[in-house]
Structures are given as structure tokens and as C-alpha cells.
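# Descriptive structure summary
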Amino acid sequence: MKEKITRIKEQILEGLKPVKDLGQLNEIKIKALGKKSEFNQLLKEMVNLKAEERKLIGKFVNETKNILQEKIDEKFLEIKNNIKKERIEKEKIDISLPGRKQVHGSLHPITKTIFQIKEIVSEMGFDIVDGPEIELVKYNFDALNIPKTHPSREKTDTFYITDEIVLRTQTSPMQIRYMMEHKPPFRMISMGKVYRPDYDVSHTPMFHQVEGLMVGENISFANFKAMLELIVKRIFGQERKVRFRPHFFPFTEPSAEMDVECGVCHGEGCRVCKNTGWLEILGSGMVNAKVLEAGGIDSTKYQGFAFGIGLERVTMLKHGIDDLRAFFENDVRFLEQF
Ligand code: DAH
């Protein structure tokens, strides 16, 4: 009987050696020490033995079972340790690897120009106001003295919502809205999006304008020139030369366009400035008496000047960007440069 027990023990120990996972180990444990184990079968057979012998064999079986339990426990620890080791090996962190870079956002170049202009003009006492992008034809064209037959009113140049409502094509209607709500003297600036159905290197269907208006008693053409020169030199730098050229706008009389010296060739003449040495940056003039009246202001008592600047144009000239569309494509490689 003892031999049989020892043989069973050896078999179990032999079977234990190659075990690599806890599932297998559990199977062996049940087989070796469970209710239906061979030892328990043997114990049943022991009823035929003499009491003396039965006691000895019983003791031997229990000792054997204890030994097996110990071996199984050892194996259990061994497997557990192996699993842990493997995991640590797999999760090993290479602290010499370079870390992941944090990507920081930055302000859009147009936003930067808006902030810069706001800072400059608010120091000069201008009231900064917002206006609607969906505008009445009455304010966008009629009140600004733009003739009914003017080409800018065509459906090919203006986005119409109805016959009376458009996406504003310029920020100039803010002149009318402001005059209707304020008594002179005042100076105001309004910036925002404007819309025209165009798309090429120098045109996008949406772009940004700044509108300025100053109205009061005894405001002369000299005041107008001085004030605009001051603003433009604050934007482009004191060394940058500027000049006025006579022009025509329906809402101003007389009207002028302002040029800044070409930043690429510094006045020498190049491809960018079409060999003139100058780049046009704004439209302006003394507010037409008809426009003052449309805004409810007595044109015999008050005068004023107005100006309009394209924000994309200013930003392009400042940074030497040659494709307007780059502003709205949101290519990070372009935006990161600012
Ligand atoms: N509104 C004009 C445009 O979109 C720009 C402009 C010119 C605005 C002369 C003015 C101005 O206020 O006086 O082309």
C-alpha cells in the first residue's frame, strides 16, 4: 500500500514539474488532493485493513498529502513570481526616450493685427464698436451715397439675402449706424468681417476691414491727414514712408487713397509693388455732406473724415505674405510662424 501511495506521489510531483500557469496547477491540485483524488480512493479501500495498519497508512497518506500541498504551494508562488517578472519586463520604461512636445496654440495673425489696431486707436480716444454682418441695403449702399447703378451693387459683387438685405460688403455702413446714435463730436472705429463673391490669390469671399470715422466742428483736411499718418506709422513703424493720392469714393469728398512704402524693396521698385515702390493700404476722405445728412448730422455745422483699411492687406504687408488664402486654410505650418 505504501508503495502505491509513493508511486502516486511521484506521479503527481512529476506532473507538477512542467506546469507553467495557474489553470494547469489548479487541475493538478484537484486531481491530487480533491475529493475524488486517488488518495481518497485508497482511504476507502483501507476499511479492510487491521486497525493498527490502518492508523499507520492513514498517517502516511496525510504526510504525503502535506508534502504535495507544500510542493503545490511552492509551484503557485513560482508561477505568480514569473507572471510578475514578465509584466515588469514588458512595462519597462525607457527614461532616456525624449518626451512628447507640448504644442501651444497662438493667436491668428489677423487677430494679432486687430488687437494691435485696437490698442493704438483706443489710446487715441476712439470708441470701438461692433456691427452686424447681415446688413440692410439702405445702410450698406443707399445712405453711403452709392448710386443705384453702381457696379458694386451687382449680384456678382454682393451676396444678397433678399432685395433689401445683404452680407455687408464693407464696414462703412457702421458710419451710418454710429452717426444715427451719437451726437458729434466723436471718433469711432469698427472692425469685422465683410463679404464679397470673389476667390483668387488676392481675394477671399470673407475678409476683414477696419472702419474709422471722426466727426466734429472745424475738422479739416489737415487734421485728417495728420491723424491717419499717425495711425499708419504706429502700425508699420515710424520709418515707413506714407503718401496720399487723390481718389474717388461716393461717401467721401474729397477722397484719397493712402500708400505705404513697399516693405520688400523699400521704395526701389519690385515685383510686389509692381515697380512703383508703393503699396496701397487704405481708402479715406472727408465725409460727404450727403452721408452726414443720411446719418442725421447737420452738415453745415459739422465735418469729419473717414477711412477704411483691409486687415488682411495690412497683415500681408507687415509679414511679407503673398497669398491671401493662406490666412483661411488653417495650415498649422503657416500659423506657427506668428
Ligand atoms: N468701404 C471702402 C471699400 O470697401 C473703403 C473705404 C474707403 C472706407 C474710403 C472709407 C472711406 O471709410 O472713406 O473699399
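Look up a bit, the structure's there.
Residues numbered from 1 in each chain as written. Predicted model: local features only at pLDDT ≥ 70, side-chain atom pairs only at ≥ 80, totals over all residues. Heavy atoms only, no water.

### Description of the nonpolar core
In plain terms, the rule: Only buried residues count toward a nonpolar core. Its members are Ala, Val, Leu, Ile, Met, Phe, Trp, Tyr and Cys residues joined through side-chain atoms within 4.5 Å. The classification of residues rests on relative accessible area computed with a 1.4 Å probe and restricted to protein chains. Under 20% of the type maximum is buried, over 50% is exposed, and intermediate values are partly exposed. In DSSP terms, a helix is any run of H or I states spanning at least four residues, a strand is any run of E spanning at least two, and both are numbered starting from the N terminus.
Judged by nonpolar contacts, the single largest core of 44 residues is most densely connected at Ile231, Val232, Phe236, Val260, Leu282, Phe305 and Phe307. Looking at which element gives the most residues to this core, the answer is helix H8 (residues 221–236), with seven residues. Judged by nonpolar contacts, the second largest core, of 24 residues, contains Phe141, Met179, Val215 and Ala306.

### Points about the site of the ligand
Spelled out, the test is: To be near a molecule or strand, a residue needs just one of its heavy atoms within 4 Å of it. The definition of a polar contact used here is a pair of N or O atoms within 3.5 Å, where within protein one atom must be able to donate a hydrogen and the other to accept one, and adjacent residues in sequence count solely through side-chain atom pairs. For the accessible areas, the method is Shrake-Rupley and the probe is 1.4 Å, while residue cover comes only from the protein chains on display. Residues are grouped as follows: Ala, Val, Leu, Ile, Met, Phe, Trp, Tyr, Cys and Pro are nonpolar; Asp, Glu, Lys and Arg are charged; all remaining types, including Gly, are polar.
Every one of the 15 residues lining the ligand counts as a neighbour, but Gln170, Ser172, Arg196, Gln209 and Glu211 are closest to it. For the ligand, a nitrogen atom lies 2.7 Å from a polar atom in the side chain of Gln170. Within the contact set of the ligand, an oxygen atom lies 3.2 Å away from a backbone nitrogen or oxygen of Ala306. Coverage of the ligand by the protein chains reaches 88% of its 360 Å² of free accessible surface. Among the elements of the structure, strand S5 (206–216), strand S8 (278–287) and strand S9 (303–310) are those that each provide at least two residues to the shell around the ligand. Broken down by class, the residue content of the shell around the ligand amounts to four nonpolar, nine polar and two charged.

### Overview of the packing of helix H5 (residues 109–123) against H8
The criterion, for reference: Axis geometry follows a simple rule: fit a line to the C-alpha atoms, using only the stretch in contact for helices, then measure angles between N-to-C directions, giving values from 0 to 180 degrees. Note on angle classes: values under 35 degrees are labelled roughly parallel, values over 145 roughly antiparallel, values of 65 to 115 roughly perpendicular, and the remainder oblique. Note: crossing handedness is left-handed where the near helix turns anticlockwise from the far helix by less than a right angle, and right-handed where it turns clockwise. Contacts between residues were defined by any pair of non-hydrogen atoms, one from each residue, lying within 4.5 Å.
Where H5 meets H8, the closest approach of the two axes is 10 Å, and the angle between their N-to-C directions is 140 degrees. Taken together, the axes of H5 and H8 are oblique relative to one another. Crossing angle aside, the handedness with which H5 passes H8 is right-handed. Only Ile231, Arg234 and Ile235 of H8 make contact with H5, whose side of the interface consists of Gln116, Ile117, Ile120, Val121 and Glu123. By residue class, the composition of the contact of H5 with H8 is five nonpolar, one polar and two charged.

### Let's talk about the side chain of Ser284
Among the structural elements, Ser284 can be located in strand S8. Its relative accessible area of 2% is what places Ser284 among the buried residues.

### Description of a negative patch on the surface
The following threshold applies: Note that patches include only residues with greater than 30% relative accessible area and no salt bridge, and the join distances are 9 Å for like charges and 5 Å for nonpolar side chains (Val, Leu, Ile, Met, Phe, Trp, Tyr). Definition used for salt bridges: Asp or Glu carboxyl oxygen within 4 Å of a side-chain nitrogen of Lys or Arg. For the purpose of counting charges, residues Lys and Arg are taken to be positive, whereas Asp and Glu are taken to be negative. His and the chain ends are not included. Where a charge sits is defined by one atom per residue type, namely NZ (Lys), CZ (Arg), CG (Asp) or CD (Glu).
Residues Glu154, Asp157, Asp198 and Asp200 make up a contiguous surface patch of negative charge. Turning to its location among the elements, Asp200 is positioned in the loop between strand S4 (186–195) and S5. The exposure class assigned to Asp200 is partly exposed, which follows from its relative accessible area of 32%.

### Quick look at the sheet that holds strand S7 (residues 252–261)
The cut-off we apply is this: What makes two strands pair is DSSP finding at least two bridges between them.
Across the sheet, which stays open at both edges, the seven strands sit in the order S1-S4-S5-S9-S8-S7-S6 with mixed pairing between neighbours. In the strand order of this sheet, the two ends are held by strand S1 (127–129) and strand S6 (242–249), each with one partner. Going across the sheet, the axis of each strand differs from the next one's by a mean of 25 degrees, ignoring polarity. Strand direction decides the pairing type here: S4 and S5, joined by ten bridges, are antiparallel. Its bridge partner lying in S5, Met191 is registered against Val210. The strands that H8 touches are S4, S5, S6, S7, S8 and S9; relative to S8, the one it contacts most, it runs at about 145 degrees. Sheet strands in contact with helix H10 (residues 311–319) are S4, S5, S7, S8 and S9, and its direction is about 60 degrees off that of S9.

### So, the packing of helix H2 (residues 22–33) against helix H4 (residues 51–90)
The packing of two helices is summarised by the inter-axis angle and the distance between the axes. Two elements in contact, H2 and H4, have axes whose closest approach is 10 Å; the angle formed by their N-to-C orientations is 175 degrees. When the axes of H2 and H4 are compared, the pair comes out roughly antiparallel. Across the interface between the two elements, Leu22, Leu25, Lys29, Ala32 and Leu33 from H2 touch Lys65, Leu68, Gln69, Ile72, Lys75, Phe76, Ile79, Lys80 and Ile83 from H4.

### Re the pairing of S7
With respect to burial, S7 is a largely interior element, eight of its ten residues being buried. Where S6 meets S7, seven bridges bridge the pair, whose relative direction is antiparallel. Bridge assignment links Phe249 to a residue of S7, and that residue is Thr252. The hairpin formed by S6 and S7 contains two residues between the paired strands. Across eight bridges, S7 lies against S8 in antiparallel orientation. Bridge pairing in S8 places Ser255 opposite Gly285.

### Regarding the pattern of salt bridges
All chains considered together, the criterion is met by 13 salt bridges. The shortest N-O distance in the salt bridge between Lys75 and Glu78 comes to 3.6 Å. One end of the pair is Lys75 and the other is Glu78, both in helix H4 and three residues apart, which spans about a single turn. By relative accessible area, Lys75 is classed as buried at 9%.

### Things to note about the packing of aromatic side chains
The condition is simple: Pairing of aromatic rings covers Phe, Tyr and the six-membered ring of Trp, with a centre-to-centre limit of 6.5 Å; geometry is then stacked below 30 degrees between planes, edge-to-face above 60, and tilted otherwise. Put simply, a charge is over a ring when the Lys NZ or the Arg CZ is close to the ring centre, within 6 Å, and near the line of the ring normal, within 35 degrees.
Here the structure, examined in full by the defined rule, presents eight aromatic pairs. Both rings, one in Phe249 and one in Phe251, keep their centres 5.7 Å apart while their planes meet at 15 degrees; by these two values the pair is stacked. For the pair formed by Phe249 and Phe251, the shared burial category is buried. Ring pairing ties together the aromatic residues Phe221, Phe224, Phe244 and Phe305, which thus form one cluster. The ring of Tyr160 has Lys155 lying over it, and the distance from NZ or CZ to the ring centre is 5.3 Å.

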